[in-house]
Amino acid sequence: MAERLEAGFLAEMLKSAGFGEQTNSFSGGPGEDQFASFHRQAIAERMAASGGIGLAESFYRAITETHDDAG
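Residues numbered from 1 in each chain as written. Predicted model: local features only at pLDDT ≥ 70, side-chain atom pairs only at ≥ 80, totals over all residues. Heavy atoms only, no water.

(A) Representation of helix α2 (residues 32-49). The first and last C-alpha atoms of α2 sit 26 Å apart over 18 residues, in line with the 26 Å expected at 1.5 Å per residue. When we look at burial in α2, the residues that qualify are A36, R40, A44 and A48. Projection of α2 onto a plane perpendicular to its axis shows the buried side chains occupying an angular sector of 105°, all on one side. Across α2 from its buried face, at more than 90 degrees, point the exposed residues F35, R46 and A49. Where α2 is buried, its residues touch α1 (2-16). (Helix = DSSP H or I, 4+ residues; strand = E, 2+ residues; numbered from the N terminus. Expected span 1.5 Å × (residues − 1). Buried < 20%, exposed > 50% of the residue type's maximum accessible area, 1.4 Å probe, protein only. Arc of directions from axis to C-beta. Contact = heavy atoms within 4.5 Å.)

(B) A look at the packing of aromatic side chains. Inspection of the entire model under this criterion finds one aromatic pair. Between F35 and F38, the aromatic rings sit 6.1 Å apart at their centres with planes inclined by 70°, giving edge-to-face as the arrangement. Placement of both F35 and F38 in helix α2 is noted, with a separation of three residues, approximately one turn of the helix. (Phe/Tyr/Trp six-rings, centres within 6.5 Å; stacked < 30°, edge-to-face > 60°.)

(C) Structural detail: the nonpolar core. By size, the foremost hydrophobic cluster in this structure holds six residues: A7, L10, A11, L14, A44 and A48. Elements with a contribution of two residues or more to this core: α1 and α2. The element best represented in this core is α1, accounting for four residues. Those residues in contact with A44, other than ones at most four positions away along the chain, are A7, L10, A11 and L14. (Core = buried A, V, L, I, M, F, W, Y, C linked by side-chain atoms within 4.5 Å.)

As structure tokens, then:
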């Protein structure tokens, strides 16, 4: 769960950075944005699975601390 949260965060950061956007004569078309989002999500999932930027561990600790406090 924590890794999926990190992947979602990374996908949004990649989108904000313009990853997957093309500005050339071959860019555009009705499906470009949709397929670019799939590509960003796949890259973000691989990044998170490879250790990411450390957010998954922080998310995991926060989730387990909250769970332990409630129990």
